[in-house]
Amino acid sequence: RYVVDGVSYDGATQDRNNVLDVIAYLKSLANLDVEERRKPQAGTFKVLRDGKRAEVRLTTAGTRDGERATLEIDVPARYQ
């Protein structure tokens, strides 16, 4: 599920193993413990795209079905 400016959009269904790999990669970017899948964690990393910088806040938490990751992307107005 994607939320952009407060509007929710359904995303395509993804393979569970691929999603776990992506979450592990994002956690490593944010200097989080990749092995910890139950306790909540939060961290940040920065990205550069087309010469524009953005900070990404990653929050993860364990769920009954696995792990949930939330990304919040903050693009400063001066880079938009």
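One can find the structure itself at the top, above this paragraph.
Below or above, wherever it landed, is the structure these notes cover.

## Brief notes about the sheet that holds strand β3 (residues 41-49)
Think of a sheet as strands paired side by side through backbone hydrogen bonds, with each pair either parallel or antiparallel.
Point 1. In space, the three strands of this open sheet follow the order β3-β4-β5, with antiparallel pairing throughout. In this open sheet, the two edge strands, each paired with only one partner strand, are β3 and β5 (66-74). For this sheet, the mean inter-axis angle between neighbouring strands, taken without regard to orientation, is 25°.
Point 2. Those strands touched by helix α1 (residues 16-29) are β3, β4 (52-63) and β5, and its axis lies near 50° from that of β5.

## As for the pattern of salt bridges
Point 1. If you walk through the whole model with that rule in mind, you get five salt bridges.
Point 2. For Glu 55, the salt bridge is made with Lys 46, and the minimal N-O distance between the two is 4.0 Å.
Point 3. Its relative accessible area of 35% is what places Glu 55 among the partly exposed residues.
Point 4. Arg 49 is paired through a salt bridge with Asp 50; the nearest N and O atoms lie 4.0 Å apart. Summarising the burial analysis for this pair, Arg 49 and Asp 50 share the class exposed.

## Quick look at unusual backbone geometry
A negative phi angle is the norm for most residues apart from glycine, just as the trans form is the norm for most peptide bonds.
Point 1. For Asp 5, which is not glycine, the phi dihedral falls at a positive 50°.
Point 2. Positionally, Asp 5 belongs in the loop between β1 (2-4) and β2 (7-9).
Point 3. We note that Asn 31 has phi near 55°; this positive angle belongs to a residue other than glycine.
Point 4. Given a relative accessible area of 70%, Asn 31 falls into the exposed group.

## Focus on the nonpolar core
Point 1. Ranked by size, the top nonpolar core spans six residues in total: Leu 26, Ala 30, Leu 32, Phe 45, Val 56 and Leu 58.
Point 2. Setting aside anything within four residues of it in sequence, one finds Leu 58 in contact with Leu 26, Lys 27, Ala 30, Leu 32, Gln 41, Ala 42, Gly 43, Phe 45, Ala 69, Thr 70 and Leu 71.

## Quick word on the side chain of Glu 67
Point 1. Relative to the assigned elements, Glu 67 resides in strand β5.
Point 2. Within the structure, Glu 67 has its side chain in polar contact with the side chain of Lys 27 (distance 2.8 Å).
Point 3. Setting aside residues no more than four positions away along its own chain, Glu 67 makes contact with Ile 23, Lys 27, Glu 36, Arg 37, Thr 60, Ala 61 and Gly 62.

Cut-off values and rules
Numbers given for residues are sequential positions, taken from 1 along each chain in its written order. Given that this is a predicted model, residues contribute local features only at a pLDDT of at least 70 and side-chain atom pairs are listed and counted only at 80 or more, while totals for whole chains, interfaces and linings are drawn from all residues. Each side-chain value is derived from all of the structure's non-hydrogen atoms; neither hydrogens nor water enter the calculation. Strands qualify as paired when DSSP identifies two bridges or more between them. Numbering of helices and strands starts at the N terminus; helices are DSSP runs of H or I of at least 4 residues and strands are runs of E of at least 2. Only the stretch in contact is used when a helix axis is fitted, and all axes are lines through C-alpha atoms; the angle between N-to-C directions ranges over 0 to 180 degrees. Contacts are assigned to residue pairs that have any heavy atoms within 4.5 Å of one another. Think of a salt bridge as a Lys or Arg side-chain nitrogen and an Asp or Glu carboxyl oxygen that are within 4 Å of each other. The buried label applies to any residue whose accessible area, calculated with a 1.4 Å probe on protein chains only, is under 20% of its type's maximum; exposed applies above 50%, and partly exposed to all values in between. Among the buried residues, those of types Ala, Val, Leu, Ile, Met, Phe, Trp, Tyr and Cys that are joined through side-chain atoms within 4.5 Å form a nonpolar core. For the purposes of these results, a polar contact is taken to be a pair of N or O atoms within 3.5 Å, where, inside protein, one atom must be able to donate a hydrogen and its partner to accept one; residues adjacent in sequence count only when each atom of the pair is a side-chain atom.

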